[in-house]
Amino acid sequence: VTALGEGWRESQPPQPGFGLTVCGVDIEPEEPLGSARQRFTKSAVGPFVAQYVQAHREGLADEVVSALQAALPTCSTFETRGESPTSPVTRFDIEPVDFGPVPGDAVIWRMTSQGEAPITQDVALVADGEFLIGVVSYVAGGPPDPAAISAAVAAIPDGD
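About the criteria used
Residue positions within a chain follow its written sequence, with the count starting from 1. Per-residue local features of the predicted model are confined to residues with pLDDT of at least 70, and side-chain atom pairs are confined, for both listing and counting, to 80 or more; whole-chain, interface and lining totals are unaffected and use all residues. Excluding hydrogens and water, the side-chain figures rest on all heavy atoms present in the structure. Residue exposure (1.4 Å probe, protein chains only): buried if accessible area is under 20% of the type maximum, exposed if over 50%, otherwise partly exposed. For the purposes of this entry, the term helix denotes a DSSP run of H or I that reaches at least four residues, the term strand denotes a run of E that reaches at least two, and both are numbered from the N terminus. What the arc covers is the set of directions going from the helix axis to the C-beta atoms. Whether two residues are in contact is decided by their heavy atoms, any of which lying within 4.5 Å being enough. As used in this structure description, the phrase polar contact means that two N or O atoms lie within 3.5 Å; if the pair is within protein, one of them must be able to donate a hydrogen and the other to accept it, and residues adjacent in sequence are counted only when both atoms belong to side chains. For two strands to be treated as a pair, DSSP must find no fewer than two bridges joining them. Only the stretch in contact is used when fitting a helix axis, every axis being a line fitted to C-alpha atoms; angles between N-to-C directions are given from 0 to 180 degrees. By convention a nonpolar core is built from buried Ala, Val, Leu, Ile, Met, Phe, Trp, Tyr and Cys residues, the set being connected through side-chain atoms within 4.5 Å. Space inside and on the surface of the protein is sampled on a 1 Å grid over the protein atoms alone, with a cavity defined as a set of points where a 1.4 Å probe fits but cannot get out and a pocket as an open set with protein on both sides within 12 Å along at least 5 of 7 lines; lining residues have an atom within 4 Å of a point. Grid points are joined across faces, edges and corners, and a volume is the space filled by probe spheres set on the points. In the scheme used here, Gly and all other residues not listed as nonpolar or charged are polar, with Ala, Val, Leu, Ile, Met, Phe, Trp, Tyr, Cys and Pro taken as nonpolar and Asp, Glu, Lys and Arg as charged.

A. Spotlight on helix α2 (residues 146–154). All of the buried residues along α2 are Ala148, Ile149, Ala152 and Val153. Projected onto a plane normal to the axis of α2, the buried residues spread over an arc of 125 degrees and lie on a single side. Of the surrounding secondary structure, the elements contacted by the buried residues of α2 are β5 (48–55), β8 (106–113), β9 (120–128) and β10 (131–138). Regarding α2, its N-cap is Asp145, as a side-chain oxygen of that residue lies 2.9 Å from the backbone nitrogen of Ala147 further along.

Take a look at the structure:
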């Protein structure tokens, strides 16, 4: 929480899992062997930063991050369905944002849902051995500050 800067505090944890197919890449292609999650906020209405840590078989995290690093540069929109087969399909637009330096074991993108109440999220995935670390930054009513996701990714210890 200190890496995010002044005013941030721990909050209620986010919903479990971050299953989503982004630009043809399933970011949770296998059931994790274990997981943990935490959320941080500045106030009851945000901004928020959620962190998900999932343990997978060796190599899976690298495969997911590499596939996204290859897919995102040529992808500007995608559609996905929630966790349930009856969940509605949601369309997301991807927009370029300067997040500063991105570590080689990470991928970061900004996506905005389409519909009546669009939500913009900055999303990062970091491969760290058997761990796939997901970080999501969002705020109601507009785009999040790119510095929040950059600070969160920079604060992830290198486990190699």
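B. A look at the sheet that holds strand β4 (residues 34–41). Strand order in the open sheet formed by eight strands is β1-β4-β5-β10-β9-β8-β7-β6, and the pairing between neighbours is antiparallel. The open sheet has two free edges, formed respectively by β1 (9–11) and β6 (77–81), since each of these has just one partner strand. The sheet shows a mean angle of 30 degrees between the axes of neighbouring strands, taken without regard to direction. Helix-sheet contacts for helix α1 (residues 60–71) involve β8, β9 and β10, and the interaxial angle to β9 is about 135 degrees. Docked against the sheet, α2 engages β5, β8, β9 and β10, running at close to 15 degrees with respect to β9.

C. Structural view of the environment of Leu20. Structurally, the position occupied by Leu20 is in the loop between β1 and β2 (21–22). For the pair Leu20 and Pro96, spaced 76 residues apart in sequence, the C-alpha to C-alpha distance is 20 Å. Other than its neighbours up to four places away in sequence, Leu20 contacts Val25, Asp26, Ile27, Thr80 and Met111.

D. Region of interest: the nonpolar core. Ranked by internal contacts, the top residues of the largest apolar core, which has 27 residues, are Val22, Leu68, Ile94, Trp109 and Leu125. Counting residues per element, the ones that place at least two in this core are β5, α1, β7 (89–95), β8, β9 and β10. Broken down by element, the residue count for this core peaks at six residues, all from α1. The next biggest cluster of nonpolar side chains, apart from the first, holds 16 residues, and it includes Val126, Ala148, Ile149 and Ala152.

E. Focus on unusual backbone geometry. Put simply, Gly46 and Pro47 share a cis peptide bond, and its omega is 0 degrees. Inspection of the secondary structure puts Pro47 in the loop between β4 and β5.

F. Representation of the layout of surface pockets. Approximately 710 Å³ is the volume attributed to the largest pocket. Lining the largest pocket are 30 residues, with Phe18, Leu20, Tyr52, Met111 and Gln121 positioned closest to its centre. Of all elements in the fold, only β5, β6, β7, β8, β9 and β10 reach the threshold of two or more residues within the lining of the largest pocket. For the lining of the largest pocket, the class distribution of residues is 17 nonpolar, ten polar and three charged.

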